[in-house]
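Descriptive structure summary
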Amino acid sequence: MDTLTSMCSDVYKLNPSLVLPVLMVLGTDVLRRAQAIPDISPLTVGWPEFLLTLLARARPDLQVEPPCTVINAKSGYARTNRSPVLEHLLRSHTDDSARSGLTVTFLTTSQRPGTISFDKVSYTASAATIGQLGLAAILPVLGKGSENVFKATLAGTLLSNAASYLLRHHQHNQIRSARETPEKRRDITCVTSGNGSAAAVVIISEGGGVRIEDLAAGRTNGLGLGSTLAIVVLIALWAVLLLALTALDRVDAWWMLAQCGIGAAYTVFAARQWRGGAAMGFKFSEEKKKVVRADKVMAALMKAEEIEPGVGSTLLPIYFPGPLRPDEELWWAERKQAPKAAL
């Protein structure tokens, strides 16, 4: 125990100021996942390299991994999803504890995405940011550090949120660029991870809603001159901040290391969360929401077909690419003939 205490004391006597700039450029992959749906960001690691990556790609959109499939229930046309928004919408309705079966969630909207709502990720980000700034502000009062910690924390928080705002601005532009569903029309779109997945989401966009297929296409312009210059300025300011961190004394450097730890903990938390529709501005009708769950995938597809004709038959070749059993063939053949018989 004495040896461990002595080692900890020796480590504390070191000045980690030269290590801080190196730590600040780590964790880019986790940060990219956390900012797939851009939100408030406390001071955290990874932003300098993340901004360099955006500048090199010349595109503000983030890659979706693994991509899901978006299918038009009327035409049967399928496309690979390129939008983090739809990825989060699907995953937020996925029960990871489900070992078998299928859950199909029906969501209906007649409005374009608008004002976002706070969720647990937003509240946690706000709490982490306030905690970092509050801790940095009280240290000089307690005689545990200088005001340099507050200055560095405030500067890093402003730079982090400026970058997050830039991402959010481009994502909102992408959503707004999607076409509006015409009046007296219902677009029915299925979103699924494919064969073997335990969940599928059916989005019914009525007149006034947004064309989900446009979102899935991920149509977006490049960064543009203004955004490119903004990223260059942010990278330069981050470089100045990283240089300033190397000049901190030992006590302040340790406090800044703790601040980075708080930010990194939040980033890991946010990267593990799937955001719901409200956090992305979607206004889904709670009255029209329906959930179909069955331990057998075929049973779930049949129930989905009964609720919304065309949905089950659209998902059928995804989950059952091979031949069906005779009774199943008969059931689907009868469902296909039902609309004709009604005419």
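Once that is clear, we can look at unusual backbone geometry. You will see that Lys-184, though not glycine, has its phi angle at about 60 degrees, which is positive. Topologically, Lys-184 is positioned in the loop between α7 (147–177) and β4 (187–192). By relative accessible area, which is 88% here, Lys-184 ends up exposed.

Further remarks concern the pairing of strand β3 (residues 102–109). Looking down a regular strand, the side chains alternate between one sheet face and the other. Across the eight residues that make up β3, a large majority, eight, are buried. With burial as the criterion, each face of β3 is covered, one bearing Leu-102, Val-104, Phe-106 and Thr-108 and the other bearing Thr-103, Thr-105, Leu-107 and Thr-109. In this structure, β3 lies alongside strand β6 (residues 290–294), joined through five bridges in antiparallel fashion. What sits directly across from Leu-102, in β6, is Ala-294. Pairing between β3 and strand β5 (residues 199–205): seven bridges, direction parallel. Among the inter-strand pairings, Phe-106 is bridged to a residue of β5, identified as Val-202.

Contact geometry for helix α6 (residues 120–142) and helix α10 (residues 250–271): axes closest at 10 Å, N-to-C directions at 175 degrees. The angle between the axes of α6 and α10 places the two elements in the roughly antiparallel class. On α10, the residues touching Lys-120, Val-121, Thr-124, Ala-125, Ala-128, Gln-132, Leu-135, Ala-136 and Leu-139 of α6 are Trp-255, Gln-259, Ile-262, Gly-263, Tyr-266, Phe-269 and Ala-270.

A full pass over the atoms with the stated rule returns 13 salt bridges. Residues Glu-206 and Lys-288 are paired through a salt bridge, measuring 3.1 Å at the closest nitrogen-oxygen approach. With Glu-206 in the loop between β5 and α8 (212–217) and Lys-288 in the loop between α10 and β6, this residue pair connects regions lying 82 residues apart in the sequence. Classification of Glu-206 by relative accessible area gives buried; the value is 18%. Looking at Lys-288, the relative accessible area reads 38%, which means it is partly exposed. In this structure, Arg-293 and Asp-295 form a salt bridge, with 3.7 Å as the shortest nitrogen-oxygen distance. Overall, the relative accessible area of 36% leaves Arg-293 in the partly exposed class. In this structure, a network of salt bridges that share partners links the residues Arg-186, Glu-206, Lys-288 and Glu-308.

Let us now look at a nonpolar patch on the surface. On the surface, Ile-138, Val-141 and Leu-142 cluster together to form a nonpolar patch covering roughly 300 Å² of accessible area. Topologically, Val-141 is positioned in helix α6. The class for Val-141 is exposed, based on a relative accessible area of 69%.

Our focus in this paragraph is the packing of aromatic side chains. Taken as a whole and judged by the stated rule, the model has four aromatic pairs. Both rings, one in Phe-118 and one in Tyr-123, keep their centres 5.3 Å apart while their planes meet at 65 degrees; by these two values the pair is edge-to-face. Since its relative accessible area comes to 45%, Phe-118 is described here as partly exposed. Arranged with centres 4.8 Å apart and planes meeting at 80 degrees, the rings of Trp-331 and Trp-332 form a pair that is edge-to-face. Taking NZ or CZ as reference, Arg-33 lies 3.9 Å from the ring centre of Trp-274, over its face. Above the plane of the ring of Trp-274 lies Arg-91, whose end atom (NZ or CZ) is 5.8 Å from the centre.

When pLDDT is averaged along the chain, the result is 85; 90% of the residues meet or exceed 70. Per-element confidence in the chain is highest for helix α11 (residues 297–307), whose mean pLDDT is 93, and lowest for helix α1 (residues 2–12), whose mean pLDDT is 47. Here residues 6–12 is modelled with pLDDT under 50, and outside its nearest four sequence neighbours on either side it reaches four contacts, counting other chains as well.

Definitions and cut-offs
Residues numbered from 1 in each chain as written. Predicted model: local features only at pLDDT ≥ 70, side-chain atom pairs only at ≥ 80, totals over all residues. Heavy atoms only, no water. Helix = DSSP H or I, 4+ residues; strand = E, 2+ residues; numbered from the N terminus. Buried < 20%, exposed > 50% of the residue type's maximum accessible area, 1.4 Å probe, protein only. Pairing = 2+ DSSP bridges. Axes fitted to C-alpha atoms, helices over the stretch in contact; angles between N-to-C directions. Parallel < 35°, antiparallel > 145°, perpendicular 65-115°, else oblique. Contact = heavy atoms within 4.5 Å. Salt bridge = Lys/Arg side-chain N within 4 Å of Asp/Glu carboxyl O. Patch = residues over 30% accessible without salt bridge, like charges linked within 9 Å, V, L, I, M, F, W, Y side chains within 5 Å. Areas by Shrake-Rupley, 256 points an atom, 1.4 Å probe, with all protein chains shown as cover. Phe/Tyr/Trp six-rings, centres within 6.5 Å; stacked < 30°, edge-to-face > 60°. Lys NZ or Arg CZ within 6 Å of the ring centre and 35° of its normal. pLDDT = per-residue confidence, 0-100.

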